Amino acid sequence: MKALSVVIPVFNEVTTLVDLYERLARTLEDLGRPWEIIFVDDGSTDGSADVLRALHAQDPAVRVVRFNRNYGQHAAVFAGMERARGDVVVTLDADLQNPPEEIPVLLRRLEEGADVVGGARVNRHDPWFRRLASRAVNRATSAIVGVRMTDYGCMLRAYRRPVVDQIVACHEISRFIPALANTFAGSVAEVPVEHAPRREGRSKYGLLRLLRLNMDLMTGFSLLPIQAVSLAGVLVAALGLGFAIFLGIRRLFVGPEVEGVFTLFAILFFFVGLQILALGLIGEYVGRIYQEVRRRPRYVVSETL
Ligand code: UDP
Ligand code: MG
């Protein structure tokens, strides 16, 4: 019988935890295989920890890992995966936006032969600008990782043990587990899953946090962005040269031009912008190298139950 580990990152989700546990336990019982739930408390400050302690006291199949402060969702999932003992690991959000009842669907697809099964949220209940941004991100991620998926952002996912071992063995500081998993999986599948609106609290992902996550995703998985920038640089230089030659010839036949000053400004600003972007990209890679060579721990655990 294949044992199952469910990993759940928790950051200030006190209102949903008990409900989540009950729905999850019911679903897992019906599967009739050994299971454990690993809650990773990502530095909650709202009493989530007390609820988790109570759940652990009531059910020994509930394990809890607590971080000493907030390190981010993917660090939390990573910590849970490191400790998971199951042959299959399922990840899930704590806010009940991913219905636990969908887990059997994922497992069935896994048994039909896939190393990773991702949920694809149908009827997604998130603001329109997030859905729009997600579509662009999914396209880009698919291209970069080389594995097509319609919903990289959905954390309702199932992984087989070999893939989990590979993820855990990665020492790089990547904050995007679904993409990491797909680089190791022999076969990947997707199944549609329900998505509920957030009942309590607000999403922890503001615009800035989403932008940072995506920057990390782009630079963390390929050198394509920086190569694209270099190519653009060559193109821009060629265009600039052509323009200069044109102006030189024009000067011989028509004389110097002055009226075009502001057009020139516009063009200049465009290129200055490009340069700053390129600098930023380089900085991103340098920052990454810096983080890797420091070899700091990804998180610090303050309590394990
Ligand atoms: N989360 C976390 N650490 C964080 C931010 C979020 O562990 O720094 C957890 C959060 O408790 C939830 C999941 O990650 O279980 C997804 O977060 P959220 O619902 O805010 O994201 P969204 O659904 O808007 O993508
Ligand atoms: Mg959510």
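Below is a summary of the structure that appears in this document. (Residues numbered from 1 in each chain as written. Chains lettered and ligands numbered in written order. Predicted model: local features only at pLDDT ≥ 70, side-chain atom pairs only at ≥ 80, totals over all residues. Heavy atoms only, no water.)

1. Brief notes about the pattern of salt bridges
Then, number 1: For the coordinates displayed, the defined rule picks out 16 salt bridges.
Then, number 2: When the shortest N-O distance is used, the salt bridge between Arg66 and Asp41 registers 3.1 Å. Taken together, the residues Arg66 in strand β3 (residues 62-67) and Asp41 in strand β2 (residues 35-41) connect sequence positions 25 residues apart.
Then, number 3: Classification of Arg66 as buried rests on a relative accessible area of 15%.
Then, number 4: By relative accessible area, Asp41 is classed as buried at 0%.
Then, number 5: Between Arg66 and Glu303 there is a salt bridge; the shortest N-O distance is 2.6 Å. (Salt bridge = Lys/Arg side-chain N within 4 Å of Asp/Glu carboxyl O. Helix = DSSP H or I, 4+ residues; strand = E, 2+ residues; numbered from the N terminus. Buried < 20%, exposed > 50% of the residue type's maximum accessible area, 1.4 Å probe, protein only.)

2. So, the site of ligand 1
Then, number 1: Lining the immediate environment of ligand 1, one finds 18 residues, of which Asp42, Asp95, Arg130, Ser203 and Lys204 sit closest.
Then, number 2: Within the contact set of ligand 1, an oxygen atom lies 2.9 Å away from a backbone nitrogen or oxygen of Pro9.
Then, number 3: Take Asn70: an N or O atom from its side chain is 3.1 Å from an oxygen atom of ligand 1.
Then, number 4: Contact with the protein chains covers 97% of the free accessible surface of ligand 1, which is 530 Å².
Then, number 5: Here ligand 1 is seated within the largest pocket.
Then, number 6: Considering only residue class, the shell around ligand 1 consists of five nonpolar, five polar and eight charged. (Near = heavy atom within 4 Å. Polar contact = N/O pair within 3.5 Å; in protein donor to acceptor, adjacent residues only side chain to side chain. Areas by Shrake-Rupley, 256 points an atom, 1.4 Å probe, with all protein chains shown as cover. 1 Å grid on protein atoms, 1.4 Å probe; cavity = no way out; pocket = protein on both sides within 12 Å on 5 of 7 lines; lining within 4 Å. Sits in = over half its atoms within 2 Å of the grid points. Nonpolar A, V, L, I, M, F, W, Y, C, P; charged D, E, K, R; others polar.)

3. Focus on the packing of aromatic side chains
Then, number 1: Enumeration over the complete set of coordinates arrives at three aromatic pairs.
Then, number 2: Plain terms: the ring middles of Phe67 and Tyr71 are 5.5 Å apart, the flat faces sit at 85° to each other, and that makes the pair edge-to-face.
Then, number 3: Look at Phe67 and you get buried, because its relative accessible area is 1%.
Then, number 4: Ring centres 4.6 Å apart and planes at 10° place the aromatic pair Phe67 and Tyr299 in the stacked group. In this pair, Phe67 is assigned in strand β3 and Tyr299 in the loop between α10 (261-294) and β8 (301-304), connecting sequence segments 232 residues apart.
Then, number 5: For Tyr299, a relative accessible area of 13% translates into the label buried.
Then, number 6: The structure contains a cluster of three or more aromatic residues connected by ring pairs, namely Phe67, Tyr71 and Tyr299.
Then, number 7: Geometry around Phe78 places Arg298 over its ring, the cationic atom sitting 3.8 Å from the centre. (Phe/Tyr/Trp six-rings, centres within 6.5 Å; stacked < 30°, edge-to-face > 60°. Lys NZ or Arg CZ within 6 Å of the ring centre and 35° of its normal.)

4. A short note on the nonpolar core
As a rule of thumb, nonpolar side chains are buried together in soluble globular proteins.
Then, number 1: Ranked by internal contacts, the top residues of the largest apolar core, which has 36 residues, are Ile8, Phe39 and Val90.
Then, number 2: For this core, the secondary structure elements donating two or more residues are β1 (4-10), α1 (17-31), β2, α2 (48-58), β3, β4 (88-91), α4 (103-111) and β7 (188-193).
Then, number 3: Listed in part, the 35 residues of the second largest apolar core include Ala75, Ala84, Met155 and Leu213. (Core = buried A, V, L, I, M, F, W, Y, C linked by side-chain atoms within 4.5 Å.)

5. Section: a positive patch on the surface
Then, number 1: Together, Arg131, Arg135, Arg139 and Arg148 give the surface a local cluster of positive charge.
Then, number 2: With respect to the element layout, Arg131 can be found in helix α5 (residues 128-145).
Then, number 3: With a relative accessible area of 37%, Arg131 lands in the partly exposed category. (Patch = residues over 30% accessible without salt bridge, like charges linked within 9 Å, V, L, I, M, F, W, Y side chains within 5 Å. Lys, Arg positive; Asp, Glu negative; His and termini not counted. Charge placed at Lys NZ, Arg CZ, Asp CG, Glu CD.)

6. Some thoughts on empty space enclosed by the protein
Then, number 1: One pass over the structure, following the stated rule, counts one cavity of 30 Å³ or more.
Then, number 2: A volume near 40 Å³ is recorded for the largest cavity.
Then, number 3: As for the largest cavity, its lining consists of Lys2, Val88, Leu110, Glu111 and Arg160.
Then, number 4: A breakdown of the residues in the lining of the largest cavity according to their chemical character gives two nonpolar, no polar and three charged. (Points joined across faces, edges and corners; volume = space filled by probe spheres on them.)

7. Re unusual backbone geometry
Then, number 1: Not every positive phi belongs to a glycine, and Asn12 is a case in point at roughly 55°.
Then, number 2: Within the fold, Asn12 resides in the loop between β1 and α1.
Then, number 3: Assessed through its relative accessible area of 25%, Asn12 is described here as partly exposed.

8. Describing the packing of helix α3 (residues 73-83) against helix α6 (residues 161-169)
Working note: a packed helix pair is described by the angle between its axes plus the distance between those axes.
Then, number 1: Contact pair α3 / α6: the axes reach a minimum separation of 9 Å and the direction vectors enclose 120°. On the basis of their axis angle, the class for α3 and α6 is oblique. Handedness of the crossing formed by α3 with α6: left-handed. Taken together, the residues of α6 that come into contact with α3 (itself represented by Phe78, Met81 and Glu82) are Val164, Ile167 and Val168.
Then, number 2: Looking at side-chain class alone, the contact of α3 with α6 contains five nonpolar, no polar and one charged residues. (Axes fitted to C-alpha atoms, helices over the stretch in contact; angles between N-to-C directions. Parallel < 35°, antiparallel > 145°, perpendicular 65-115°, else oblique. Left-handed = near helix turned anticlockwise from the far one by under 90°. Contact = heavy atoms within 4.5 Å.)

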